[in-house]
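Working through the structure, step by step
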Amino acid sequence: FGFLHRFSLRCAEHHKRRKAMQEAKDKFLAECRELDSIYHHSPEDYLQFLRSRPWRNDPKYFTHVKISALALLKMVMHAVSGGKLEIMGLLQGRAEEHTFVIMDTFALPVEGTETRVNAGDQANAYMVEFGRVSEELGRQEKIVGWYHSHPGYGCWMSGIDVRTQSLNQQLDPYLAIVVDPVRTISSGRVNIGCFRTFPENYTPPEDRQEYQSIPIDKMDDFGVHSKRYYKLEHSFFKSSTDNQMLDLLWNKYWVSTLSSSPLLVNRDYYTQQVGDVAAKMVQVEAQGGRHSMLGRRSAQQSAGPFDQVVRDSNKSAIEHVTGLMNQVMKHSLFNFR
């Protein structure tokens, strides 16, 4: 009887373990299905959506962008590899009701400068060949937009960007994404913006624009074209495969990530920020004098030029302090005696 009792207890324990393992497996598969559900869609429904063209009747029809972890990683790495030069690439995915879904990206072989980037004949031929090969491989993602970088001067649309996007939107739906690799490294989070332009004769309503720190030599270009486009909200998603890929990348690059310092990598950017704030201070003082600079502003009044300079200097100081705090924490952790 003692043997049978022990055997029954072991069988019950084994059954509980198997049940727990099966429940964990079912939960994992359910999470994978939920993560991967965004990759499944009907091509027929997508074609019907494209034929209906609801964005033609609403200039701000698209309001949100979902970006995969793979696409985000490729865009940021491409932008960082360009250094101070602008880079350019295309977005692959699909459009849904009020939403763009970006699945993947690919870089274009273009030569950019520190202020602009344009696709030439070589890039156009590359796009055509890439699309043909993708269709042959059975990939359902279509080209739904383009991305480029603004190294060090924020995510917004210049005059050239607005003209390029307006031309591309004739082949709607089409999206523009801007990435700032320098500010991404400096702040520790991805600095990215998603945009679409308004029709040529459309006058947008007066909306309060989000604050941006724009270098003084870019202010004119930013102000002239800021009413020609609008910004879309964005979010990120990961598939089960993306999770595994990111874990492998972290296991390989965690040492270099931990040992790097934004203060050293972005030395030129921090120097440029200080010089930019000083130039803006001189400009404000020349326009309004010291009395207007030191005068108080009520809560109901809109922010003036000096208030914007203060915000720029605060932003620069916070990034400096954050970088110093990171270095102090690393020193305390790895140089403890």
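Rules of the game
Residues numbered from 1 in each chain as written. Predicted model: local features only at pLDDT ≥ 70, side-chain atom pairs only at ≥ 80, totals over all residues. Heavy atoms only, no water. Helix = DSSP H or I, 4+ residues; strand = E, 2+ residues; numbered from the N terminus. Buried < 20%, exposed > 50% of the residue type's maximum accessible area, 1.4 Å probe, protein only. Contact = heavy atoms within 4.5 Å. Areas by Shrake-Rupley, 256 points an atom, 1.4 Å probe, with all protein chains shown as cover. pLDDT = per-residue confidence, 0-100. Phe/Tyr/Trp six-rings, centres within 6.5 Å; stacked < 30°, edge-to-face > 60°. Core = buried A, V, L, I, M, F, W, Y, C linked by side-chain atoms within 4.5 Å. Salt bridge = Lys/Arg side-chain N within 4 Å of Asp/Glu carboxyl O.

**A few points about the overall build of the protein chain**
A tally of helices and strands in the protein chain yields eleven helices and seven strands. Here the protein chain holds 337 residues, and 36% of them are scored as buried. Considering only intrachain contacts with a sequence separation of at least 6, the fraction spanning at least 24 residues in the protein chain is 77%. Total accessible area on the protein chain is roughly 21,400 Å²; 57% of this is exposed by carbon and sulfur atoms.

**Observations concerning the confidence of the model for the protein chain**
Averaged over the protein chain, the pLDDT score is 79; the fraction of residues at 70 or greater is 82%. In this model, residues 290-302 is a region of pLDDT below 50 whose contacts with residues beyond four sequence positions or in other chains number nine contacts.

**Describing the packing of aromatic side chains**
Following the criterion strictly, the structure yields eight aromatic pairs and no others. For the pair Phe62 and Phe100, a centre-to-centre distance of 4.4 Å together with 35° between the ring planes defines the contact as tilted. Here Phe62 is found in the loop between α2 (43-52) and β1 (64-68), whereas its partner Phe100 is found in strand β3 (residues 99-107), with 38 residues between them in sequence. Accessibility expressed as a relative area gives 0% for Phe62, which makes it buried.

**Things to note about the nonpolar core**
By size, the foremost hydrophobic cluster in this structure holds 27 residues, and its most contacted members are Phe62, Ile67, Phe100, Ile102, Leu175 and Ile177. Per-element tally for this core: the top contributor is helix α3 (residues 69-81), with five residues. Setting aside residues up to four positions removed in sequence, Phe62 forms contacts with Phe49, Trp55, Ala95, Glu96, His98, Thr99, Phe100, Pro173, Arg196, Tyr230 and Leu232.

**Description of the pattern of salt bridges**
A full pass over the atoms with the stated rule returns seven salt bridges. Where Glu96 meets Arg94, a salt bridge forms, and the shortest distance between an N and an O atom there is 2.8 Å. Overall, the relative accessible area of 27% leaves Glu96 in the partly exposed class. The shortest N-O distance in the salt bridge between Asp312 and Lys280 comes to 2.6 Å. Note that Asp312 is positioned in helix α11 (residues 305-334) and Lys280 in helix α10 (residues 267-294), a separation of 32 residues in sequence. No difference in accessibility class separates Asp312 from Lys280, as the two residues are buried. Within this structure, Asp276, Lys280 and Asp312 form a network of salt bridges that share partners.

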